[in-house]
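If you want the building blocks of each chain, they are given just below.
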Amino acid sequence: MAWHYLCALPYVVQEKYGEACSEYTKMFKLFLAEFQTEEGNWVGDLVRVLTTNLRVLAEKADAQLLLQNRKLEHIESAGRMLTQAISTAQKGTKRFALFTFMNHLFKIYFKINNIKLCRNLIMSTKINDLNTFPMAQQLTFKYYTARYNVFSGDYGKALTILEDAVRQCPQYYHNHRRQLMMLLVPCGMVQQRRLPTQELLDKYQLDEFRGIVSAIRLGDVSMFKHAMQEHQTFFIHTGIYLALEKLLHLVYRTLLKRVYVIEQGKVEGKPKNMVRLGAFQRALEFTGLRKGLPQVECIIANLIDKRLVKGYIARQHNVVVMAASDPF
């Protein structure tokens, strides 16, 4: 093991990460063979350091291959070794290393955009004793489990996991809390229509969400689309873009509510709980979105279907009849 480790060091200094990763991989394989027979928790820190170095070297090696338009191979090879390591760590005396291997494998799956494999990883692992592991490992596991649920569209489950993680995370773990909040804020908006306060956005420096939150509060479709476009790369990278797209319905809801307040009593001879489709159409145009009446009907029908609005469309009169009480 020591020989391969020493062989890798000069390559790292020379930034020849492919060669360094190859030597380090040989060393890691030998380490896993020893790990299977070694007893005791004393190797815990060594497991953490070696596993981190393996993943980082593999990422750097593949980054160089990408620049050369060559096939990526190191990160997937590291993933296969960590899968083997997890099988070993699930056995009694080796469980202290389980979440070290798992959390790095999560990072690899997200790195290579093979997120579906996370399901097998989660389902095959018994986590009843998660609380017996170090806090950082618990929070990392919950973070990636929540990210997987966001990817799968299960925002309710992701929200539950994230809220539990935030409660558990100490205040002085600011970076950990910020990472959790990056997922919790959009999940809360999608699942519970709960908008974050400005104080929370300031505290965790979540500036990317400011435009979206303001657009929802104002019912400004143009502002919402601009905010999504401006931070598109960030939202895609963190895996929340599709979740945030669902919030457009909340923008429509706010806009309809504002039109409803203005329109009350304006339909001559009709009850006050009616909104003319034309009025909502003009409001959309005012925010930079041109839609025909059929499209306007479709927007409102979706709001009703999602139970964001109570009422029905009276097509013969081109109006929306809102519920007499608590239409929003």
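Refer to the structure presented above.
Residues numbered from 1 in each chain as written. Predicted model: local features only at pLDDT ≥ 70, side-chain atom pairs only at ≥ 80, totals over all residues. Heavy atoms only, no water.

What follows is about the state of the cysteines. Per the stated rule, a full pass over the model turns up zero disulfides. Free cysteine C187: the closest other cysteine sulfur is in C118, separated by 15 Å. (Disulfide = S-S within 2.5 Å.)

Here we come to unusual backbone geometry. Located in the positive-phi region is E15, a residue other than glycine, with phi close to 60°. With respect to the helices and strands, E15 occurs in the loop between α1 (2-13) and α2 (17-37). Even without glycine at this site, N69 takes up a positive phi of about 55°. Topologically, N69 is positioned in the loop between α3 (44-67) and α4 (74-89). (Helix = DSSP H or I, 4+ residues; strand = E, 2+ residues; numbered from the N terminus.)

This brings us to a nonpolar patch on the surface. On the surface, Y5, L6 and L9 cluster together into a nonpolar patch covering about 270 Å² of accessible area. Tracing the chain through its elements places Y5 in helix α1. Owing to a relative accessible area of 35%, Y5 belongs among the partly exposed residues under this scheme. (Patch = residues over 30% accessible without salt bridge, like charges linked within 9 Å, V, L, I, M, F, W, Y side chains within 5 Å. Areas by Shrake-Rupley, 256 points an atom, 1.4 Å probe, with all protein chains shown as cover. Salt bridge = Lys/Arg side-chain N within 4 Å of Asp/Glu carboxyl O. Buried < 20%, exposed > 50% of the residue type's maximum accessible area, 1.4 Å probe, protein only.)

Moving on to the environment of H176. Along the chain, H176 turns up in helix α9 (residues 174-192). By relative accessible area, H176 is classed as partly exposed at 31%. Those residues in contact with H176, other than ones at most four positions away along the chain, are L139 and C169. (Contact = heavy atoms within 4.5 Å.)

Consecutive side chains along a regular strand alternate between the two faces of the sheet. Side chains of strand β3 (residues 319-322) alternate between two faces, with V319 and V321 and V320 and M322 buried alike. Bridge count between strand β1 (residues 274-276) and β3: three bridges; the pairing is antiparallel. Looking at β3, one finds that V275 is bridged to V320. Hairpin connection of strand β2 (residues 311-314) to β3: four residues between the antiparallel strands, including N318 at a positive phi of 55°. (Pairing = 2+ DSSP bridges.)

Keep in mind these numbers describe shape, not what the thing actually does.
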